[in-house]
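So the chains spell out like this:
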Amino acid sequence: MPDPMMNKNGMVSNIHTRIRTDPFTSNYELLGRELGRGKFAVVKKCVEKATGKEHAAKFLRKRRKGEDCRLDILNEIAVLESAKVNPYVVALHEVYETNSDIILVLECAAGGEIFNQCVADNDEAFTEKDVIRLTRQILTGVACLHRNNVVHLDLKPQNILLTSATPLGDIRIVDFGLSRRMDSVTEVREILGTPEYVAPEILNYEPISTATDMWSIGVLTYVMLTGESPFLGDSKQETFLNISQVNVDYSQDAFEGVSSLAVDFIKTLLLKNPRKRATAEECLNHPWLNGPTDPYPHLLASSLPSLDEPETSLSESEPESPAPSPELEIMGSYITCPVQGDLKTGRNAFSFPSEPFPTRPEIQQELIC
Ligand code: ADP
Ligand code: MG
């Protein structure tokens, strides 16, 4: 049954968390250190005065480009609430609101972005054994989201954090700003993504499904194993062409010292046809993640709980003005599909399957960077 609180873009606006309007700074001390920032958010470390516990405060501007985006933020909160029992999704502690911002008080993932280790020098870079463990955690978390009909739509190394960097901790998925419910066929009009990680269906204005996340997991795994971004070109157009043609380097040079099972795993995900991509549950059964060298017990995604009741919570802060990020914004019309492998082209979806993306000036105009 369609959720009455879900709008036509698959966003949910009914949240259970109490939005506090008392001053954030009465209850938290900002440590000044910025943990990160994105297009419309700044994330800072803070300490809860009552408990001494460290958290991450995500300051989200309510007005963006002159438009009220409060509903988008409520959607992010609703998704975090629905994923409360998902061990690999960052925990939401409290929410505060000021005139200009909504502040999400989140569990602090002190190890930072996996991105840092993806591009680190040899002795700090992930080993394949590390990547196996982290990939399994990402898949377990994403399988749980997908089972609850939530698609993340922005999985990339900047949105996968670690509880600790040394020793290597566990992953936490963050940034549900683009997430959508897939309970019914809905239309998504705007995709903000990073060019290197977007799936071909996004570039082609074709239906979005949980398979869209699976493409991103293929890219993520490639980056974690090789330190290289598989589709990155010298220009955005070249990147889009590489994605659209699934132009991937699987050579031994690129995968030096990496098992062939790992390469096989990535190949099950970087497939242009979303219907052919492995699902998160299927990935968890891939031999690469279940090999004899793997000391970690297989945590079956289906053994995890589903939706739960969100906790109530209780507030204000310094308005922030995040610097513009280099991210890509795609304005378009997408149809979301409830089930991976059940994709139908929607009424309003554009599709140019026969030509590579950069030759279509009408699409280029829709990409605002
Ligand atoms: P945006 O939607 O603007 O991309 P994110 O939620 O991705 O916002 O946060 C921006 C950055 O802030 C992340 O890439 C990460 O580096 C950092 N960050 C976000 N949440 C946390 C957290 N809970 N703990 C530590 N760092 C975080
Ligand atoms: Mg982000």
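For the structure, check the block above.
These lines cover the structure that appears in this document, whether it is placed above or below. Being a predicted model, the structure only gives us computed values, none of them experimental.

Further remarks concern the coordination of the magnesium ion (ligand 2). Metal coordination angles in their ideal form are 109.5 degrees for the four-donor tetrahedron and 90 or 180 degrees for the six-donor octahedron. Taken together, Asn 159 (OD1) and Asp 175 (OD) make up the protein donors of the magnesium ion (ligand 2), found 2.1 to 2.3 Å from the metal. Here Asn 159 is found in the loop between β10 (150-151) and β11 (160-162), whereas its partner Asp 175 is found in the loop between β12 (171-173) and β13 (180-181), with 16 residues between them in sequence. When its relative accessible area of 23% is taken as the criterion, Asp 175 is described as partly exposed.

With that settled, consider the pairing of strand β4 (residues 54-61). Along any regular strand the residues' side chains alternate between the sheet's two faces. By the criterion of burial, β4 is predominantly enclosed, with six of the eight residues buried. Where strand β3 (residues 41-48) folds back on β4, the antiparallel hairpin that results is connected by five residues, among which Gly 52 adopts a positive phi of roughly 75°.

So, on to the packing of aromatic side chains. The full count for this structure, using the stated rule, is eight aromatic pairs. Their ring planes at 90° and their centres at 5.8 Å tell us that Tyr 28 and Tyr 96 sit as a pair that is edge-to-face. Here Tyr 96 lies in strand β7 (residues 92-97) and Tyr 28 lies in strand β2 (residues 28-37), a separation of 68 residues in the sequence. A single burial state applies to Tyr 28 and to Tyr 96, both of which are buried. On the basis of an interplanar angle of 15° and a centroid distance of 5.2 Å, the ring pair of Trp 215 and Phe 231 is categorised as stacked. On the criterion of sequence distance, the pair formed by Trp 215 in helix α6 (residues 210-226) and Phe 231 in the loop between α6 and α7 (236-244) is long-range, its members being 16 residues apart. As far as the burial class goes, Trp 215 and Phe 231 line up, both buried. Grouped by ring-pair contacts, the aromatic residues Phe 24, Tyr 28, Phe 59 and Tyr 96 constitute a single cluster. It is Lys 267 that lies over the ring of Tyr 250; its NZ or CZ is 4.9 Å from the centre.

Rules and cut-offs
Residues numbered from 1 in each chain as written. Chains lettered and ligands numbered in written order. Predicted model: local features only at pLDDT ≥ 70, side-chain atom pairs only at ≥ 80, totals over all residues. Heavy atoms only, no water. Donors = N, O, S within 2.8 Å, 3.2 Å for Na, K, Ca; no water. Helix = DSSP H or I, 4+ residues; strand = E, 2+ residues; numbered from the N terminus. Buried < 20%, exposed > 50% of the residue type's maximum accessible area, 1.4 Å probe, protein only. Pairing = 2+ DSSP bridges. Phe/Tyr/Trp six-rings, centres within 6.5 Å; stacked < 30°, edge-to-face > 60°. Lys NZ or Arg CZ within 6 Å of the ring centre and 35° of its normal.

Fair warning: the whole summary comes from geometry, so function is off the table for now.
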